[in-house]
Amino acid sequence: MWIFLAFLAVPVIEIGLFIQVGGLIGLWPTLAIVVATAIAGTALVRSQGALVMNDLRRALAEMRDPTAPLAHGAMILFAGALLLTPGFFTDACGLALLIPPVREAVMRAVAKRVQVQSFTMGTGFEARQGPPPGPGVIDGDFIELEPQNLPPRGNSGWTRH
């Protein structure tokens with residue numbers, strides 16, 4: 001139900017803000033502000049996204065929990081979508097999500113409502129039966145083809161007749 005209210009309220013808020021701002025400064029300055037925020041927002045999203053990607057790479061390289069960088073990346077992606085959506089309210093929300101302390105506050109609020117059931121990290125050998133393969137052993141999967149599933153043999157000189 002709250003999603004329906006958001007889809008109803010956001011356009012109403014945007015239309016109201018367009019009317020108010022357009023009445024104060026005029027049509028062309030209003031449109032210029034909307035385009036300028038989209039361009040500036042794109043630049044901010046790129047720079048913030050690059051920082052978060054570096055944090056994510058570092059967390060994965062150090063075998064740390066990547067939850068925080070992933071959550072920050074998701075919020076930056078959502079901020080970019082908000083900034084590219086024409087409107088003052090969505091631009092304000094998008095710009096707010098580009099501020100790291102705001103993202104931290106959103107993460108804390110969401111963390112109160114989410115319960116993690118399990119979390120594991122490792123090389124993947126722990127889930128397999130038996131010991132990990134020794135040196136010189138290549139672990140892999142294969143599919144055995146039945147004779148009826150083989151591709152037709154041609155007369156290239158490299159195949160049997």
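Residues numbered from 1 in each chain as written. Predicted model: local features only at pLDDT ≥ 70, side-chain atom pairs only at ≥ 80, totals over all residues. Heavy atoms only, no water.

J.: Is there a simple way to think about the side chain of Thr 90 in this case?
T.: In this fold, Thr 90 is placed in helix α4 (residues 88-97). Residue classification places Thr 90 among the buried positions, given a relative accessible area of 7%. From its side chain, Thr 90 meets the backbone oxygen of Thr 85 in a polar contact 3.2 Å long. (Helix = DSSP H or I, 4+ residues; strand = E, 2+ residues; numbered from the N terminus. Buried < 20%, exposed > 50% of the residue type's maximum accessible area, 1.4 Å probe, protein only. Polar contact = N/O pair within 3.5 Å; in protein donor to acceptor, adjacent residues only side chain to side chain.)

J.: Teacher, can you tell me more about the side chain of Thr 30 here?
T.: Summarising the element assignment, Thr 30 is placed in helix α2 (residues 27-61). Only 2.5 Å separates the side chain of Thr 30 from the backbone oxygen of Gly 26, close enough to count as a polar contact. Those residues within four positions of Thr 30 in sequence are excluded, and the remaining contacts are Phe 18, Val 21, Gly 22, Ile 25 and Phe 88. (Contact = heavy atoms within 4.5 Å.)

J.: Please clarify how a nonpolar patch on the surface should be interpreted in this entry.
T.: There is a patch of nonpolar side chains on the surface, built from Met 1, Phe 4, Leu 5 and Leu 8 and spanning about 470 Å² of accessible area. Along the chain, Leu 5 turns up in helix α1 (residues 2-25). (Patch = residues over 30% accessible without salt bridge, like charges linked within 9 Å, V, L, I, M, F, W, Y side chains within 5 Å. Areas by Shrake-Rupley, 256 points an atom, 1.4 Å probe, with all protein chains shown as cover. Salt bridge = Lys/Arg side-chain N within 4 Å of Asp/Glu carboxyl O.)

J.: Explanation requested: the packing of α1 against α4 in the structure shown.
T.: For any two helices packed against each other, one specifies the inter-axial angle together with the distance between the axes. Look at α1 against α4: their axes get within 7 Å of each other, and the N-to-C directions meet at 110°. On the basis of their axis angle, the class for α1 and α4 is roughly perpendicular. Between α1 and α4, the contacting residues are Val 10, Ile 13, Glu 14, Leu 17, Phe 18 and Val 21 on the first element and Phe 88, Phe 89 and Thr 90 on the second. In terms of residue class, the contact of α1 with α4 is made up of 7 nonpolar, 1 polar and 1 charged. (Axes fitted to C-alpha atoms, helices over the stretch in contact; angles between N-to-C directions. Parallel < 35°, antiparallel > 145°, perpendicular 65-115°, else oblique. Nonpolar A, V, L, I, M, F, W, Y, C, P; charged D, E, K, R; others polar.)

J.: Would you take a moment to explain the pattern of salt bridges for this structure?
T.: Oppositely charged side chains may form a pair once their charged atoms are brought near each other. For the structure on display, the rule yields 2 salt bridges. The salt bridge involving Asp 55 is made with Arg 58; its shortest N-O contact spans 3.0 Å. With Asp 55 and Arg 58 both in helix α2 and 3 residues apart, the pair spans about one turn of that helix. Residue class for Arg 58 comes out partly exposed when judged on its relative accessible area of 42%. The partner of Glu 62 in a salt bridge is Arg 64, and the shortest N-O contact between them spans 2.7 Å. Taking the relative accessible area as the measure of exposure, Arg 64 reaches 37% and is therefore partly exposed.

J.: So what exactly am I meant to see when it comes to the nonpolar core here?
T.: When a protein is soluble and globular, its nonpolar side chains tend to lie buried together. One finds Val 45, Val 52, Met 75, Ile 76, Ala 79, Leu 82, Leu 83, Leu 97 and Leu 98 forming the largest nonpolar core, which totals 9 residues. If you list the elements that add at least two residues to this core, you get α2 and α3 (67-84). By residue number, the principal contributor to this core is α3, which donates 5 residues. Other than its neighbours up to four places away in sequence, Leu 97 contacts Met 75, Phe 78, Ala 79, Leu 82, Val 102, Arg 103 and Val 106. (Core = buried A, V, L, I, M, F, W, Y, C linked by side-chain atoms within 4.5 Å.)

Treat this as a map of the structure, not an account of what it does.
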